[in-house]
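Breakdown of the fold
The chain contents come next:
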Amino acid sequence: MKTEAAVTHLMNNYSRWPIHLVKGKGNKVWDKDGKEYLDFTSGIGVNSLGHVHDAVTRQLHQQLDTLWHCSNLVHVPQQEQLAEKLAQLSGLDRVFFCNSGAEANEAMIKIARRYAQKVKQENRFEVITFQQSFHGRTLATLTATGQEKVKDGFAPLPEGFITVPYNDIEAVRSVLSDRTCAVMLELVQGEGGVHPADPEWVKQLRQLCDQQGILLLVDEIQTGIGRTGSWFCYQQYGIKPDVISMAKALGNGFPIGAIAASETVAQAFSPGTHGTTFGGNPLAVTAGLATLTAMEQENAIAKVKELHQLIIERLQALQAAVPDLVPAIRGKGLMLGIQLTVPVDAILAEARNKGLLLLQAGPQVIRLLPSFITTKAEIDQMAEILEEVILGANG
Ligand SMILES: *Cc1c(COP(=O)(O)O)cnc(C)c1O
């Protein structure tokens, strides 16, 4: 029987904005009453080519009329093509497809353990992760996450994760042992406040992993697929990880996740060791291929760098006007954080009233994840609203 309290049948696990979106195109979305919003969130780093991108939509329509699902008991030609493209773009060799970010990180953790235990025949299982990180909501990935709030009430947590301070090589050294199988990190921590990794530290991590014979795992779920101004963020750090995970922008809104690994590490996944029903589904890999092809055709990486410059100039001008309120601007490419000294919720709500969607990353950081097809006029519009609501917060 329906209880009095249930005005909705959805679980109450999200604190949602009071907005009901029904339509999107490019960088604009519309609510059920026809109010228009400028979207500087890309659905949390997902719609990097904007909403309902023409070429991606066309190819998905075609695939919808051709084949939806067929299982991984057979070969799916578009999986081969997308894997080849991802290998080209990443410099890694082998790809496994799944459906989400958390699932990609699960696969990354599993392959690291299995590589140690079955390929190298060592009894290693522990993964070192970092404070303020975010790796997902499954039991293993929330345990890997360096934020207590995602773990609350979910005990007992899986064994084999140890979390230390970010950008601190001694902290990593101090917990290394003959149980360690990998170090896992984001190169720009997204949910944790838009914190880029120190390049020197990342090089030291790579060296340390090589010396110890353990794996470097990079979570590129938010930073990957062009978001930070290179196809993958590690390409700006002069290192090569053993495994990377990706998801968010790979299908421009169609759910898809993946890991890519070196040939050596990929050996750990032999037939029957890991799998998923929906992973690499024809619709999902078609969306992935269409997205990457469109990004190449539209010179996405160059666009991200150009737009970064334009947005950063506006943000720095804002910071210069109210340095006490805005102590820092951080980030890379189109993954940007504005550190404030006050809570940002009310400021973001005011921006929404004025027709601008922005994200936060922790209580005092505004996060911008605009699409790669953002125009100069849209940056001006965003900056004007942002200035109004931030200067408004200054009294
Ligand atoms: C979003 C995100 C995840 C989790 O992805 P889901 O698709 O929500 O499971 C993991 N790691 C990072 C860095 C992310 O930004």
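Cut-offs and rules
Residues numbered from 1 in each chain as written. Predicted model: local features only at pLDDT ≥ 70, side-chain atom pairs only at ≥ 80, totals over all residues. Heavy atoms only, no water. Helix = DSSP H or I, 4+ residues; strand = E, 2+ residues; numbered from the N terminus. Rg over C-alpha atoms; globule rule 2.2 N^0.38 Å. Buried < 20%, exposed > 50% of the residue type's maximum accessible area, 1.4 Å probe, protein only. Contact = heavy atoms within 4.5 Å. Areas by Shrake-Rupley, 256 points an atom, 1.4 Å probe, with all protein chains shown as cover. Lys, Arg positive; Asp, Glu negative; His and termini not counted. Charge placed at Lys NZ, Arg CZ, Asp CG, Glu CD. Pairing = 2+ DSSP bridges. Axes fitted to C-alpha atoms, helices over the stretch in contact; angles between N-to-C directions. 1 Å grid on protein atoms, 1.4 Å probe; cavity = no way out; pocket = protein on both sides within 12 Å on 5 of 7 lines; lining within 4 Å. Points joined across faces, edges and corners; volume = space filled by probe spheres on them. Domains from an automatic or database assignment. Buried area = accessible area lost by both parts, 1.4 Å probe. Salt bridge = Lys/Arg side-chain N within 4 Å of Asp/Glu carboxyl O. Near = heavy atom within 4 Å. Polar contact = N/O pair within 3.5 Å; in protein donor to acceptor, adjacent residues only side chain to side chain.

Below, the discussion takes up the overall build of the chain. Along the chain, the regular secondary structure elements total twelve helices and 17 strands. Its C-alpha radius of gyration of 21 Å places the chain within 12% of the 21 Å reference for a compact globule of 395 residues. Burial analysis of the chain (395 residues in total) assigns 53% to the buried set. Partitioning the intrachain contacts of the chain with sequence separation of at least 6 by distance along the chain shows that 72% fall at a separation of at least 24. For the chain, the exposed surface amounts to about 17,900 Å²; the carbon and sulfur share of it is 52%. Each charge sign in the chain was given a centre, from 35 positive and 41 negative side chains, and these centres are 2 Å apart.

Take the sheet that holds strand 12 (residues 257–261) next. The seven strands lie next to each other as 4-12-11-10-7-5-6, forming an open sheet whose pairing is mixed. The open sheet has two free edges, formed respectively by strand 4 (94–98) and strand 6 (161–164), since each of these has just one partner strand. Each strand of the sheet is rotated relative to its neighbour by a mean of 20°, with strand direction disregarded. In this structure, strand 7 (residues 180–185) lies alongside strand 10 (residues 215–219), joined through four bridges in parallel fashion. Paired with Val-183 across the strands is Leu-216, a residue of strand 10.

A few words now on the layout of surface pockets. In this approach a probe as big as a water molecule rolls over the atoms, and the regions it shows empty are the leftover space. In this model, the second largest pocket occupies a volume close to 910 Å³. Looking at the second largest pocket, it is lined by 31 residues, and the ones nearest its centre are Gln-79, Val-95, Phe-96, Phe-97 and Phe-269. Residue assignment for the lining of the second largest pocket shows that the elements contributing at least two residues are helix 3 (77–90), strand 4, strand 12 and helix 8 (263–266). Examining the composition of the lining of the second largest pocket, we find that six residues originate from one element, helix 3, more than from any other.

Now for the domain arrangement of the chain. It is common to give the size of an interface as the accessible area that goes away when the parts come together. Here the chain is partitioned into domain 1 (3–53 + 299–393) and domain 2 (55–297). Placing the centre of domain 1 and that of domain 2 at their C-alpha centroids yields a distance of 26 Å. Between domain 1 and domain 2, the contact holds 30 residues from the first and 32 residues from the second. Counting the surface lost from both domain 1 and domain 2, the interface buries some 2,500 Å², and carbon and sulfur atoms represent 59% of this. Broken down residue by residue, the surface that domain 1 buries against domain 2 is led by His-53, Lys-332 and Met-335, which jointly contribute 29%. Inspection of the domain 1/domain 2 interface yields one salt bridge.

With that settled, the discussion passes to the site of the ligand. Around the ligand sit Ser-100, Gly-101, Ala-102, Asn-105, Phe-134, His-135, Gly-136, Glu-186, Asp-219, Ile-221, Gln-222 and Lys-248, and those are all the residues in its vicinity. Measuring from an oxygen atom of the ligand, one finds a backbone N or O atom of Ala-102 at 2.7 Å. A distance of 2.8 Å separates an oxygen atom of the ligand from a polar side-chain atom of Gln-222. If the ligand stood free it would expose 390 Å²; the protein chains cover 80% of that surface. If you tally residues by element for the shell around the ligand, the top one is helix 4 (residues 101–119), at three residues.

Looking now at the sheet that holds strand 14 (residues 335–339). Taken in spatial order, the four strands of this open sheet run 13-14-17-16, and their pairing is antiparallel. Pairing within the sheet leaves two strands with one partner each, and these edge strands are strand 13 (328–332) and strand 16 (359–360). Two strands pair when backbone bridges link them, and strand 16 and strand 17 (residues 365–368) are joined in this way by two bridges, in the antiparallel orientation. What sits directly across from Gln-360, in strand 17, is Ile-366.

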